[in-house]
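The residues making up each chain are set out below.
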Amino acid sequence: MLTIPAEINERILTLSEPPAIAAMAQSCTFFRNLIHRPVDQHLWRSLFLRRFDDPRITFSLYGHDANHYPWSAELQRRIRSDTLLTRRNKFISLSPEEKVLVLRTLADAIYCAPPAYLAVISQDVDWVRRLIGTAEIFKFPCTDDTIELYAQMHVYFGLTREEKQMPGAQAMRTESRSFVYDLRKYTKSNLWGPFLRDSGARVSWVHIDHVVNVISMNLEDIVELWEQMRPPTGLEATRPYSAPDVEHASPKDWAGIEGKWYRYVCFMDYRLFSRPNASETAYLNPAVIEHEEFQEAIRLIELNLRVTETIPCNLHPHRPILRFEGASKGAQGNEARVRGTVRMTLDGQVRWKFVSAVSVYDGRTQWISEGIQIGGVASAMGVIGTWTGAEHTERDPVGPFWLWKVKESV
């Protein structure tokens, strides 16, 4: 084979499986250089695209240079993750370092899934779904240093019906309520929202995961709920531009803001905040949640939003800050003004921040909300986060929300 032109050898390698390529790289200096020191990325790009989606479109959506996608490193990372889960069979058997590698690789694969408007089946999504099911990643809770990555993938996948019906579901619900309604989780250091403390608005996926648990379990209590009244969940709903009506959005509205939205807001009986809102753990005292007087309500709100201004962003030149405003209306007809911003975070997530006025008449701001778009830009799964009092006083109430876009005809 050493007498064959390098281009033909490379073509043969593109039709080979990764184990065979790894063996060839160890056979001699010629093949080691051809495989690991190529003059271009043709070999690794071809190997990658035989198995996964073309990431260049999505890569460009986030303002990255598609010509510099790390084909070799990313393919080797995915193969390594696949091999670990396939050979070990169970995620729980991996070392902490291996768990970090696998979870980060799976999350990045979801990040690079092709936009839904291309109307193609995502090989990346199918691959992630297969590995999650085979390795039973969510069967056992994660308690080590991988907890944030684990929570991120759990949010992407959604709370499964099996989890909602398992024997420990009520304990999980109490734990998530204790976390979400704990006033200590909302301070200036985490911008009074679902962010890591002193991180510059990096997402706390553990916080978001608890919000998903609370709202999902609350919706289970509503026996007769129309399907269109449920926020979309699952990996397909995390794909970029999978929300309705976003393929026709104006060029300036890169986040798919303009249009009709539904929003679930949950809140507990504020009088219970007068009880001890503390325990020896990092959660609200579970006794408050388990008290016979505990009451939690869930309300559906309709919003209509429009983009009013774009502001250049030095950190993300391709993604300017978007200002928006609009109106919200509850089931009982009470209306309020809404205004806010959408921007990219330091860790590449889409952050929503908006305030709500008490009414359209006095314009006094009462509530402020912080949320994160789940998955890609303009995903069908929408925005999940928390709301607090706008003044951030010591006893301001807090609660979770879930905002998702719906068709104008709904």
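Conventions used here
Residues numbered from 1 in each chain as written. Predicted model: local features only at pLDDT ≥ 70, side-chain atom pairs only at ≥ 80, totals over all residues. Heavy atoms only, no water. Helix = DSSP H or I, 4+ residues; strand = E, 2+ residues; numbered from the N terminus. Buried < 20%, exposed > 50% of the residue type's maximum accessible area, 1.4 Å probe, protein only. Contact = heavy atoms within 4.5 Å. Areas by Shrake-Rupley, 256 points an atom, 1.4 Å probe, with all protein chains shown as cover. Salt bridge = Lys/Arg side-chain N within 4 Å of Asp/Glu carboxyl O. Lys, Arg positive; Asp, Glu negative; His and termini not counted. Polar contact = N/O pair within 3.5 Å; in protein donor to acceptor, adjacent residues only side chain to side chain. Expected span 1.5 Å × (residues − 1). Pairing = 2+ DSSP bridges. pLDDT = per-residue confidence, 0-100. Axes fitted to C-alpha atoms, helices over the stretch in contact; angles between N-to-C directions. Parallel < 35°, antiparallel > 145°, perpendicular 65-115°, else oblique. Left-handed = near helix turned anticlockwise from the far one by under 90°. Phe/Tyr/Trp six-rings, centres within 6.5 Å; stacked < 30°, edge-to-face > 60°. Lys NZ or Arg CZ within 6 Å of the ring centre and 35° of its normal.

> What exactly am I supposed to notice about the overall build of the chain here?
Per the secondary structure count, the chain includes 13 helices and eight strands. Classification of the 410 residues of the chain by burial places 52% in the buried group. For the chain, contacts bridging at least 24 residues in sequence account for 62% of all contacts bridging at least 6. Of the roughly 19700 Å² that the chain leaves accessible, carbon and sulfur atoms contribute 53%.

> What should I look at first to understand the pattern of salt bridges in this one?
Pairing of side chains with opposite charge becomes possible as their charged atoms draw close. What the rule picks out here adds up to 17 salt bridges. Between Asp 221 and Arg 173 there is a salt bridge whose closest N-O contact spans 2.6 Å. With a gap of 48 residues between them, Asp 221 in the loop between α12 (205-220) and β1 (259-268) and Arg 173 in helix α11 (residues 169-180) connect regions that are remote in the sequence. The residue Glu 309 makes a salt bridge to Arg 323 at a minimum N-O spacing of 3.4 Å. Here Glu 309 is found in strand β2 (residues 296-311), whereas its partner Arg 323 is found in strand β3 (residues 321-330), with 14 residues between them in sequence. What makes Arg 323 partly exposed here is its relative accessible area of 38%. Members of the salt-bridge network, linked through shared partners, are Glu 74, Arg 77, Arg 78, Asp 108 and Asp 124.

> When you look at the side chain of Asp 253 in this model, what are you seeing that I'm missing?
Within the secondary structure, Asp 253 sits in the loop between α12 and β1. No salt bridge is formed by the buried Asp 253; its nearest oppositely charged neighbour, Lys 405, is found at 5.1 Å. At 2.8 Å, the side chain of Asp 253 and the backbone nitrogen of Ile 257 are in polar contact. Not counting residues up to four positions away in its chain, the partners in contact with Asp 253 are Glu 258, Val 307 and Leu 322.

> When you look at the side chain of Glu 163 in this model, what are you seeing that I'm missing?
With respect to the element layout, Glu 163 can be found in helix α10 (residues 161-165). Of the polar contacts made by the side chain of Glu 163, one reaches the side chain of His 154; its length is 2.8 Å. Setting aside its immediate chain neighbours within four residues, Glu 163 contacts Phe 138, His 154, Gly 158, Ala 169 and Met 172.

> Mind showing me how you'd approach helix α7 (residues 96-111) here?
Since the α-helix packs 3.6 residues into each turn, any two residues three or four apart lie on the same face. Between the first and last C-alpha of α7 there are 22 Å, a value that for 16 residues agrees with the 22 Å anticipated at 1.5 Å per step. Looking at α7, one finds that the buried residues are Glu 98, Lys 99, Val 102, Leu 103, Thr 105, Leu 106, Ala 107, Ala 109 and Ile 110. Buried residues along α7 sit against α6 (71-88), α8 (123-135) and α9 (147-157).

> What is the right way to look at the pairing of strand β4 (residues 335-344) in this model?
Look at any regular strand and the pattern is simple: side chains alternate between the two faces of the sheet. Here β3 pairs with β4 via eight bridges, running antiparallel. Paired with Lys 329 across the two strands is Glu 335, which belongs to β4. The pairing of β4 with strand β5 (residues 350-357) spans seven bridges and is antiparallel. Note that in β5 the partner of Arg 343 across the bridge is Arg 351. In this antiparallel pair of consecutive strands, β4 and β5, the connection spans five residues, and Gly 348 shows a positive phi of 80°.

> What is the right way to look at the environment of Arg 104 in this model?
One can find Arg 104 in helix α7. Residue class for Arg 104 comes out partly exposed when judged on its relative accessible area of 42%. Each C-alpha atom, one on Arg 104 and one on Arg 77, is 9.7 Å from the other, the two residues being 27 residues apart in sequence. When neighbours within four sequence positions are excluded, Arg 104 is seen to be in contact with Arg 77 and Leu 149.

> Explain the confidence of the model for the chain to me, please; I cannot follow it from the model alone.
Scored by pLDDT, the chain has a mean of 85; 89% of the residues are at 70 or more. Note that residues 278-283 has pLDDT below 50 and, in this model, 16 contacts with residues that lie over four places away or in other chains.

> Please explain the packing of α7 against α8 as it appears in this structure.
For any two helices packed against each other, one specifies the crossing angle of their axes together with the interaxial distance. For the pair α7 and α8, interaxial distance at closest approach is 9 Å and the crossing angle is 150°. Classified by the interaxial angle, the pair formed by α7 and α8 is roughly antiparallel. Relative to α8, the crossing made by α7 is left-handed. Across the interface between the two elements, Thr 105, Leu 106, Ala 109 and Ile 110 of α7 pack against Asp 124, Val 125, Trp 127, Val 128, Leu 131 and Ile 132 of α8.

> Would you mind going over the packing of α11 against α12 with me for this structure?
Axis separation between α11 and α12 bottoms out at 9 Å; the angle between their running directions is 125°. Put simply, α11 runs oblique to α12. Where α11 crosses over α12, the handedness of that crossing is left-handed. In contact with Ala 169, Met 172, Arg 173, Glu 175, Ser 176, Arg 177, Phe 179 and Val 180 of α11, α12 contributes Val 206, His 207, His 210, Val 211, Asn 213, Val 214, Met 217 and Asn 218.

> Just to check I follow, could you spell out the packing of aromatic side chains for this structure?
For any pair of aromatic rings, the description consists of the separation of the ring centres together with the inter-plane angle of the planes. Counted under the stated rule, the structure contains 18 aromatic pairs. Aromatic pair Phe 48 and Phe 52: ring centres 5.3 Å apart, planes at 50°, arrangement tilted. On the numbers, 5.7 Å between centres and 75° between planes, the contact of Tyr 156 with Trp 205 is edge-to-face. In this pair, Tyr 156 is assigned in helix α9 and Trp 205 in helix α12, connecting sequence segments 49 residues apart. Judged by its relative accessible area of 4%, Tyr 156 is buried. The buried category is assigned to Trp 205, whose relative accessible area is 5%. The side chain of Arg 78 reaches across the aromatic face of Phe 52, ending 4.6 Å from its centre. Stacked on the ring of Phe 401, the Lys or Arg Arg 263 has its end atom at 4.5 Å from the ring centre.

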